[in-house]
Amino acid sequence: MNKRELSQQLPDLASVSFQDLTAFAEGLGLPPYRARQIRRWIDARGATSFEEMTDLPKALREGLGARARIFTPPVLREDAAPDGTRKFLVQLEDGLTIESVLIPDKDRLTLCLSTQVGCPVNCSFCLTGRMGLVRNLASAEIVGQVRSVRARTPRRISNIVLMGMGEPLLNFENAADALRRLTDPRGFGFSSRRITLSTAGIVPGIERLGREGPPVNLAVSLNATTDGIRDRMIPINRKWPIGRLLAALRAYPLPPRRRITIEYVLLGGENDTDEDARRLAALLKGLRCKVNLIPFNPFPGSSHRIPDRKRVERFQRILTESRYSAFIRESRGKEIRAACGQLWAEEKKSGAS
Ligand code: SAH
Ligand code: SF4
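This structure is a prediction, so every number in the text was calculated from the model and none was measured.

1. Focus: the site of ligand 2
In the region of ligand 2, the neighbouring residues are Cys119, Val121, Asn122, Cys123, Cys126, Gly129, Gly166 and Ala200. Looking at the shell around ligand 2 residue by residue, the classes come out as five nonpolar, three polar and no charged.

Below is the structure:
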């Protein structure tokens, strides 16, 4: 067995739950506050080795180094777009890869995380959907993306969105566990107000998130106003059609002063007419929400069309005239295929097809 294989058998203290970390510390005869210190070093302070944990006695750091490890998913590749958006190809321990995207704005730095390798939902307009589901990410792999990317930016990550590869509510346990860890004040300490989970409309998952929390912001990819159109775009609509989805959103226990984000991908000539906009306004009546309009981002082999700019603006105007807040989400990082729905995580290796 080589050194790498040997070290892989040591427990990874970045992956274990806080409970297991405490039990591990106890097993070494350490008091519980040591577990808290270690978790804080890894999650809040970005330590990637025990040597960095300078408030632990040297002998303890050495002892930990011999008995445990801290796995930080390596970044195999990074692409940067002219608008400052950066895309990272992150490698998991089994060699599979996922993408995470860092999006800078004047007053915020948003990290877009993946929750699955591929996605089983297979929306017609999404490149990730073409991969099918390869596997779910463990909660440590979801938060591991924050640890890997954070080390590569001098700015503080202010916002987290679960909007990368995958459908978070089809990986409910692990996504919820990751959210709990991201909002844990003993660790990453993000405010739940600065985290958004985006779903294609998995109704039982929305209901469960409402019951169990944590109370992060909810974004829902509605994308169409009739079941006929939505069935073709998002196959799970046949199981949970628009009526059921909107009923679940109306029943969702929204914290005070928060709104649900309705995402609407505009496909040229398919769901972008004045009639669609009016139907959308009628459907959303009484729902505390805002609407993000996302012009379709094309990718090689996609059969949909980019909507005309005038159409997009007219669609927005109809919504604002009905007193909805509607924003056109300018695509970020298109040049590096980092925009919504363009993530695909197969590293191009020479010789591979
Ligand atoms: N699975 C979740 C989150 C990941 S997709 C969901 O579907 O909500 C994140 C967002 O990208 C969704 O709103 C989705 O509708 C949108 N999207 C997917 N493919 C796109 C494309 N090619 N162009 C524009 N937006 C796209
Ligand atoms: Fe999956 Fe979301 Fe892409 Fe649909 S849009 S295939 S749910 S990642």
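Here the narrative resumes.
2. Examining the sheet that holds strand 3 (residues 97-104)
Pairing in this open sheet of 10 strands is mixed, and the strands run 1-2-3-4-7-8-9-10-11-12 from one edge to the other. Of all strands in the sheet, those with a lone pairing partner are strand 1 (75-80) and strand 12 (325-328), marking the two edges. Neighbour to neighbour, the strand axes of the sheet diverge by 20° on average, direction disregarded. Note: strand 7 (residues 159-162) against strand 8 (residues 195-199), three bridges, orientation parallel. By the bridge assignment, Ile160 is partnered in strand 8 with Ile195. Against the sheet, helix 7 (residues 172-183) touches strand 7 and strand 8, its axis set at about 170° to strand 8.

3. Brief notes about the domain arrangement of the protein
Interfaces are often sized by the accessible area lost when the parts come together. Under the domain assignment, the protein is made up of domain 1 (3-67) and domain 2 (75-352). Summarising the inter-unit geometry, the C-alpha centres of domain 1 and domain 2 are found 34 Å apart. Residue-level contacts link 12 residues of domain 1 with eight residues of domain 2. For domain 1, the biggest contributors to the area lost against domain 2 are Ala14, Phe18 and Asp43; these three give 46% of the whole. A salt bridge links Arg181 to Asp43, with the shortest nitrogen-to-oxygen separation between them at 2.9 Å. Top element by residues in the side of domain 1 that touches domain 2 is helix 3 (residues 32-44). It accounts for six residues. Of the residues belonging to the side of domain 1 that touches domain 2, the class tally is five nonpolar, three polar and four charged.

4. With respect to the environment of Pro104
Among the structural elements, Pro104 can be located in strand 3. Separated by 19 residues in sequence, Pro104 and Thr85 place their C-alpha atoms 6.4 Å apart.

5. Describing the site of ligand 1
Phe125, Gly166, Ser198, Ser221 and Asn297 are the nearest of the 19 residues found near ligand 1. Ser221 is positioned with one of its side-chain polar atoms (N or O) 2.6 Å from an oxygen atom of ligand 1. Bound to the protein, ligand 1 loses 96% of the 530 Å² it would expose on its own. Elements supplying a minimum of two residues to the shell around ligand 1: strand 8, strand 10 (260-266) and strand 11 (289-295). Grouping the amino acids of the shell around ligand 1 by side-chain chemistry returns nine nonpolar, eight polar and two charged.

6. So, the pairing of strand 3
Counting buried residues along strand 3, seven of its eight residues qualify, which places the element largely inside the surrounding structure. Relative to strand 3, strand 2 (residues 86-91) runs antiparallel, the two sharing six bridges. Across the sheet, residue Phe88 finds its bridge partner in strand 3, namely Ser100. Linking strand 2 back to strand 3 in an antiparallel pair, the connection comprises five residues, with Gly95 at a positive phi of about 95°. Note: strand 3 against strand 4 (residues 109-112), four bridges, orientation antiparallel. Bridge pairing in strand 4 links Val101 to Cys112. Between strand 3 and strand 4, which pair antiparallel one after the other, the connecting turn spans four residues.

About the cut-offs
- Residues numbered from 1 in each chain as written.
- Chains lettered and ligands numbered in written order.
- Predicted model: local features only at pLDDT ≥ 70, side-chain atom pairs only at ≥ 80, totals over all residues.
- Heavy atoms only, no water.
- Near = heavy atom within 4 Å.
- Nonpolar A, V, L, I, M, F, W, Y, C, P; charged D, E, K, R; others polar.
- Pairing = 2+ DSSP bridges.
- Helix = DSSP H or I, 4+ residues; strand = E, 2+ residues; numbered from the N terminus.
- Axes fitted to C-alpha atoms, helices over the stretch in contact; angles between N-to-C directions.
- Contact = heavy atoms within 4.5 Å.
- Domains from an automatic or database assignment.
- Buried area = accessible area lost by both parts, 1.4 Å probe.
- Salt bridge = Lys/Arg side-chain N within 4 Å of Asp/Glu carboxyl O.
- Polar contact = N/O pair within 3.5 Å; in protein donor to acceptor, adjacent residues only side chain to side chain.
- Areas by Shrake-Rupley, 256 points an atom, 1.4 Å probe, with all protein chains shown as cover.
- Buried < 20%, exposed > 50% of the residue type's maximum accessible area, 1.4 Å probe, protein only.

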